[in-house]
Amino acid sequence: MQCTFYGHSAFGLNWNGTKLLFDPFISPNEAAKDVNINTIDADYILLSHGHADHVADAEAIAKRTGATLVSNFEVVNWFAEKGISKNHPMNTGGSWTFPFGTVKCVHAVHSSAMPDGSYGGNPMGFVIHDNNQCIYFAGDTALTMDMQLIPLYRKPDVCILPVGGNFTMDIADAARAAEMVQCKKVVGVHFDTFGYIKIDHQKAKTYFADRGMELILPAIGETINI
Ligand code: NI
Ligand code: MN
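Now for a look at the structure at hand. (Residues numbered from 1 in each chain as written. Chains lettered and ligands numbered in written order. Predicted model: local features only at pLDDT ≥ 70, side-chain atom pairs only at ≥ 80, totals over all residues. Heavy atoms only, no water.)

**With respect to the coordination of the nickel ion (ligand 1)**
Selection criterion: In this listing, donors mean N, O and S atoms no farther than 2.8 Å from the metal, or 3.2 Å for Na, K and Ca; water is missing from the atoms, so a site can look incomplete. Donor angles set the geometry label: tetrahedral for four donors if every angle is between 85 and 135 degrees, square planar for four and octahedral for six if opposite donors exceed 155 degrees and the others are between 65 and 115, irregular for anything else. Secondary structure elements are taken from DSSP: a helix is a run of H or I of four residues or more, a strand is a run of E of two residues or more, and numbering for both begins at the N terminus.
H49 (NE2), H51 (ND1), H110 (NE2) and D140 (OD) make up the full set of protein donors to the nickel ion (ligand 1), lying at 2.2 to 2.4 Å. For the nickel ion (ligand 1), the four donor atoms in the first shell make angles of 86 to 177° at the metal, so the coordination geometry reads as irregular. Every donor residue of the nickel ion (ligand 1) comes from the same chain, spaced as H-x1-H-x58-H-x29-D. The distance between the nickel ion (ligand 1) and the manganese ion (ligand 2) is 3.1 Å, with D140 acting as a donor to both metals. Of this pair, H49 sits in the loop between strand 4 (44-46) and helix 1 (52-55) while D140 sits in the loop between strand 10 (134-137) and helix 4 (150-153), and the two are 91 residues apart along the sequence.

**Here's the deal with helix 5 (residues 171-181)**
Our working definition: Exposure categories follow from relative accessible area, calculated using a 1.4 Å probe and restricted to protein chains: below 20% of the type maximum is buried, above 50% is exposed, and the middle band is partly exposed. Residue contacts are counted whenever heavy atoms from the two residues lie within 4.5 Å of one another. Here a polar contact is recorded for every N or O atom pair within 3.5 Å, except that within protein the pair must consist of a potential hydrogen donor and a potential acceptor, and residues adjacent in sequence are included only if both atoms are side-chain atoms.
Within helix 5, eight of the 11 residues are buried, which leaves the element mostly enclosed by the surrounding structure. Residues of helix 5 that are buried include every one of I171, A172, A174, A175, A177, A178, M180 and V181, and no others. For helix 5, the elements touching its buried residues are strand 10, helix 4, strand 11 (158-162), strand 12 (185-189), helix 6 (201-209) and strand 13 (214-216). Its side-chain oxygen 3.3 Å from the backbone nitrogen of A172, D170 forms the N-cap of helix 5. Note on helix 5: the residue one or two positions beyond its end, Q182, has a positive phi of about 60°.

**What to know about the sheet that holds strand 11**
What counts, and what does not: We call two strands paired when DSSP finds no fewer than two bridges between them. All axes are obtained by fitting lines to C-alpha atoms, using only the stretch in contact for helices, and the reported angles, taken between N-to-C directions, cover 0 to 180 degrees.
Reading across the sheet, the seven strands line up as 7-8-9-10-11-12-13 and stay open at both edges, with mixed pairing between neighbours. Across the chains shown, the open sheet's two edge strands, defined by having one partner strand only, are strand 7 (95-98) and strand 13. Going from strand to strand, the sheet's axes swing by 20° on average, the running direction of each strand aside. By the bridge criterion, four bridges tie strand 9 (residues 124-129) to strand 10 in an arrangement that is antiparallel. What sits directly across from F126, in strand 10, is F137. Packed on one face of the sheet, helix 5 meets strand 10, strand 11, strand 12 and strand 13 and runs near 150° to strand 11.

**Some points on the pairing of strand 3 (residues 18-22)**
Each regular strand carries side chains that alternate between the two faces of the sheet. Most of strand 3 is tucked away: four of the five residues are buried. Of the strand pairs in this sheet, strand 2 (residues 11-15) and strand 3 are connected by five bridges, and their pairing is antiparallel. In the strand pairing of strand 3, G12 is matched with L21. The loop that links strand 2 with its antiparallel partner strand 3 comprises two residues; one of these, N16, has a positive phi angle of about 50°. In this sheet, strand 4 lies alongside strand 3 in parallel orientation, the contact comprising three bridges. Looking at the pairing, L20 lines up with Y44 of strand 4.

**Let's talk about the coordination of the manganese ion (ligand 2)**
The protein atoms that coordinate the manganese ion (ligand 2) are D53 (OD), H54 (NE2), D140 (OD) and H190 (NE2), at distances of 2.1 to 2.2 Å. Counting along the primary sequence, the residues that act as donors to the manganese ion (ligand 2) give the motif D-H-x85-D-x49-H.

**Re the nonpolar core**
To be explicit about the condition: Here, nonpolar core refers to any group of buried Ala, Val, Leu, Ile, Met, Phe, Trp, Tyr and Cys residues whose side-chain atoms link them within 4.5 Å.
Among the nonpolar cores identified, the biggest contains 55 residues, and F22, I128, Y136 and L161 are the most heavily contacted of them. Of all the elements, helix 5 adds the most residues to this core, at seven residues. Residues contacting Y136, with those up to four places away along its chain left out, are V106, F126, V127, M147, I150, P156, V158, C159, I160, L161 and V181. Judged by nonpolar contacts, the second largest core, of 22 residues, contains A32, I37, A42 and L69.

Quick look at the structure:
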């Protein structure tokens, strides 16, 4: 599966030819200034919660590409008022089979408000699978025992987990999360963007390697095969 990191938690995933874009926060991110949002293609935009550092470019990219917006009911409605009518509202615990695969919304322990301060519903993570592959995009979350439920549905082949600490899990909690969901391959996100979430890359990778797991910390703009 080919994926491109756009900085912070913004991620593009080529799912058998369908382009999934997660949490686009790119143009306000100084570290991602070399990424031109007008070159990003998307069939679906998945938003884990309403915070600006996850939704900032969703409106522009959805309007240009005609992508379908997938998020919780409140986030979807907030964007519908801005003219993004191609959408699919969901909520925690729900799943839906789209043409590319099944999306299950799972619990994330965090908060959610829209950039204008209006109510942003509950934050979520996404478990996405078809017959051949499964990924877990955790969104912003604390470590939570609910993660133990995920391998009861499907064991992810790859997890995309926040690792920066302060607002979300840190390295140690992300490693515990990977153990809970029974996945040895982790792509770290939500690190280095702000002073509060700067991490030591080598130390973080070693921490995972010492526990028999792999932590990938992609460079901004980098496309990798996961
Ligand atoms: Ni957040
Ligand atoms: Mn965030």
